[in-house]
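Chain residues, written in single-letter form:
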Amino acid sequence: MRKKLSTILILLVLLISCNTSDNKNGSEVNNNGLVKRDLDAIIKDGKLRAILAYSGTSYFLYKGRPMGFEYELLQKLADHLKVELEIKVSRNLDSLLSNLEKGDVDLVAYGLAVTSERKKRVAFTDYLYVTKQVLVQKKPKNWRSLTLDQIKEQLIQDPLELIGDTVSVRKNSSYFKRLLNLSEEMGGDIVIDTLGGNLSTAEIMKMVDDEKIKYTIADKNIADINASYFPFLDTEVPVSFSQRIAWAVRPDSKQLLSTINSWIDSNRESYEYRVIYNKYFENKGSFRSRARSDFYSLNNEQISPYDELIKTNAERIDFDWRLLAAIIYQESRFKNESNSEKGAAGLMQMMPATAEELGVEDRLDPEDNLEAGATYLQKIYSDFSDIINPLQRLKFTLAAYNCGYYHIRDAQKLAVINNRDQLVWDGQVDQMILALSDPVNYNRPEIAHGYVRGIETYQYITQIFERYNHYVKFFDE
């Protein structure tokens, strides 16, 4: 039985994005049996591998677009290093440091409190911000009708009041250590209910709101932004002094640490950094809008309002639905009413001539537009039957969808002229589509269809597959 194209694509993408051999990614093993991979190996490999937490502040998907504080900073760091960013998503916060030590990643890009115990295992970067740990507790049910003093009377106001009571936190978190220290400092035991590392701070706060647990501890900035969605939660009682929050690398990664520190120091006080920080920790209106949306990945397994249509058509043409979704986002941002200056319209930005060819009367009808667009992709894919590699064939297909089939055939002719492989997009024909913006190339007698804005097509492919890689991390096939 013929394997599904979508399955082959997933395997190819995973194979390309995963480095399992030390020799391939420049990793070494030191005398202690720990992986060593510093900046020189990262630059040579061309990839910075970072692990992120799946949470409403670190890394998530909203209306088809990847977002998050750590995610945005990482993108800028990778650009600074002139390398590709390779993301690993952690679904268990207890394993973050283990992933780093095993060599799975180069950097833990998660807001870790700098502690003496953790310093025994990792090297911390300079701090990204400073915060305090606070108690998260639920206000009385009638709190809106009470005065502030009346509310305070019914809430814990001093950590001393926690002696003999139960607080729920992840065991391998700095919150757990803080509760142990508090018990020691106060001369009385706080009962610690340990939770699994698969739970994010926001999820644990929701457990307080749902009255599944009584109290938890959280960093003040994370607690406050989440409490904007859970107004019954109080986050005003501090349980720690100020703490530095940083990322982590392996102790042997001295070049990487020094470079990241210089980058942080030059950016932390910048306007751009403040904009990013405020977006995720201060802008409570935007946070609430995301948290209420059906297209917020932490709420639903849904990318867009058109997921069912996308899945139906993807199955019909034997595509991975997440790839088709990535294409539609690139074309229209899932805005069905989109129109381009060139006359393209609808979800898949269909041109009038293409619509006429495929019998589409109303390009703004989502069902007709998506069905026809998917059929057109299938046709282009079949026209590139001379390309054997499924992933390369897909890239040729998308390139042709963007700038036209015959422009891509011109780029293949130019590849032959320049002794490049005309059947490979990456590093071969993609360079020729860029070259077709130059009159020296598009005026050659062999080139039948002239000028093409190659950078647009080049970026189109790159951005679609970047987005597809995000979708694969968040959504099942």
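Look above for the structure.
As a starting point, this report considers the structure included with it. These numbers come from a predicted model, not from an experiment.

A few words now on the overall build of the protein chain. Secondary structure assignment for the protein chain yields 22 helices and 15 strands. A total of 477 residues make up the protein chain; the buried ones form 53% of that total. A separation threshold of at least 6 residues defines the contact pool for the protein chain, and within that pool the share at least 24 residues apart is 68%. Charge centroids of the protein chain, computed over 61 positive and 68 negative side chains, lie 3 Å from each other.

Counted according to the given criterion, the structure contains 25 aromatic pairs. Seen in terms of ring centroids, Tyr277 and Phe281 are 4.8 Å apart; in terms of plane orientation they differ by 45°. Their pairing is tilted. With a gap of four residues between them, Tyr277 and Phe281 both fall in helix H12 (residues 271–281), about one helical turn apart. Where Phe384 meets Phe396, the ring centres are 5.6 Å apart and the plane angle is 45°; that geometry is what we call tilted. One end of the pair, Phe384, is in the loop between helix H17 (366–383) and helix H18 (390–403); the other, Phe396, is in helix H18, and twelve residues separate them in sequence. In terms of burial, Phe384 and Phe396 fall into one category: buried.

What follows is about helix H15 (residues 321–332). Compared with an ideal rise of 1.5 Å per residue, which puts twelve residues at 16 Å, H15 spans 16 Å between its outermost C-alpha atoms and is within 8% of the ideal. When you tally the buried positions in H15, you get twelve out of twelve residues, the bulk of the element. For H15, every residue scored as buried is listed here: Trp321, Arg322, Leu323, Leu324, Ala325, Ala326, Ile327, Ile328, Tyr329, Gln330, Glu331 and Ser332. One or two positions beyond H15, positive phi appears at Arg333, with a value near 55°.

This brings us to the sheet that holds strand S14 (residues 233–238). Read across the sheet, three strands follow the order S13-S10-S14 without closing on themselves; strand pairing throughout is antiparallel. Only two strands of the sheet have a single neighbouring strand rather than two, namely strand S13 (216–219) and S14. The average undirected angle you get between the axes of adjacent strands in this sheet is 40°. Bridge count for strand S10 (residues 133–138) against S14 is four bridges, and the pairing is antiparallel. Bridge pairing in S14 links Val134 to Pro238. The sheet contacts of helix H8 (residues 174–186) involve S10 and S13, and relative to S13 the element is tilted by about 120°.

What follows deals with the side chain of Arg37. Checked against the element boundaries, Arg37 lands in the loop between strand S2 (35–36) and helix H3 (39–45). At a separation of 3.2 Å, a polar atom in the side chain of Arg37 contacts the side chain of Asp45. At 2.6 Å, the side chain of Arg37 forms a polar contact with the side chain of Asp106.

For the pair helix H20 (residues 425–435) and helix H22 (residues 454–474), interaxial distance at closest approach is 8 Å and the crossing angle is 150°. Judged by the angle between their axes, H20 and H22 are roughly antiparallel. The two elements H20 and H22 cross, and the hand of that crossing is right-handed. Residues Trp425, Asp430, Gln431, Ile433 and Leu434 of H20 pack against Gly454, Ile455, Thr457, Tyr458 and Ile461 of H22. Looking at the contact of H20 with H22 residue by residue, the classes come out as six nonpolar, three polar and one charged.

Structurally, Asp234 is set in strand S14. Among buried Asp, Glu, Lys and Arg side chains, Asp234 stands out as unpaired, with Lys139 the closest opposite charge at 5.5 Å. A polar contact of 3.3 Å, which involves the side chain of Asp234, links it to the backbone nitrogen of Glu236.

By the definition in use, this model includes 25 salt bridges. Between Glu236 and Lys220 there is a salt bridge, and its shortest N-O distance comes to 3.5 Å. Taken together, the positions of Glu236 in strand S14 and Lys220 in helix H10 (residues 220–227) put the pair 16 residues apart, joining distant regions of the chain. By relative accessible area, Glu236 is classed as exposed at 54%. The partly exposed category is assigned to Lys220, whose relative accessible area is 23%. When salt bridges that share partners are traced, they join Arg37, Asp45, Arg49, Asp106 and Arg250 into one network.

Before going further, it helps to examine empty space enclosed by the protein. Counted under the stated rule, the structure contains one cavity of 30 Å³ or more. Here the largest cavity is characterised by a volume of approximately 50 Å³. Taken together, Leu73, Lys76, Trp263, Asn267, Ser270, Glu272, Tyr273 and Ile276 make up the full set of residues lining the largest cavity. Mapped onto the lining of the largest cavity, the elements with two or more residues apiece are helix H4 (69–81), helix H11 (254–267) and H12. Residue contributions to the lining of the largest cavity peak at three residues, all from H12.

Looking at where Leu257 falls in the secondary structure, it is placed in helix H11. Sequence-wise, Leu257 and Tyr405 are 148 residues apart; in three dimensions their C-alpha atoms are separated by 47 Å. Excluding its chain neighbours within four sequence positions, the residues that come into contact with Leu257 are Ala123, Phe124, Thr125 and Val249.

Mapped onto the elements, Ala355 comes out in helix H16 (residues 352–358). Overall, Ala355 belongs to the buried group, its relative accessible area being 3%. Setting aside residues no more than four positions away along its own chain, Ala355 makes contact with Met350, Val360 and Arg363.

What counts, and at which threshold
- Residues numbered from 1 in each chain as written.
- Predicted model: local features only at pLDDT ≥ 70, side-chain atom pairs only at ≥ 80, totals over all residues.
- Heavy atoms only, no water.
- Helix = DSSP H or I, 4+ residues; strand = E, 2+ residues; numbered from the N terminus.
- Buried < 20%, exposed > 50% of the residue type's maximum accessible area, 1.4 Å probe, protein only.
- Contact = heavy atoms within 4.5 Å.
- Lys, Arg positive; Asp, Glu negative; His and termini not counted.
- Charge placed at Lys NZ, Arg CZ, Asp CG, Glu CD.
- Phe/Tyr/Trp six-rings, centres within 6.5 Å; stacked < 30°, edge-to-face > 60°.
- Expected span 1.5 Å × (residues − 1).
- Pairing = 2+ DSSP bridges.
- Axes fitted to C-alpha atoms, helices over the stretch in contact; angles between N-to-C directions.
- Polar contact = N/O pair within 3.5 Å; in protein donor to acceptor, adjacent residues only side chain to side chain.
- Parallel < 35°, antiparallel > 145°, perpendicular 65-115°, else oblique.
- Left-handed = near helix turned anticlockwise from the far one by under 90°.
- Nonpolar A, V, L, I, M, F, W, Y, C, P; charged D, E, K, R; others polar.
- Salt bridge = Lys/Arg side-chain N within 4 Å of Asp/Glu carboxyl O.
- 1 Å grid on protein atoms, 1.4 Å probe; cavity = no way out; pocket = protein on both sides within 12 Å on 5 of 7 lines; lining within 4 Å.
- Points joined across faces, edges and corners; volume = space filled by probe spheres on them.

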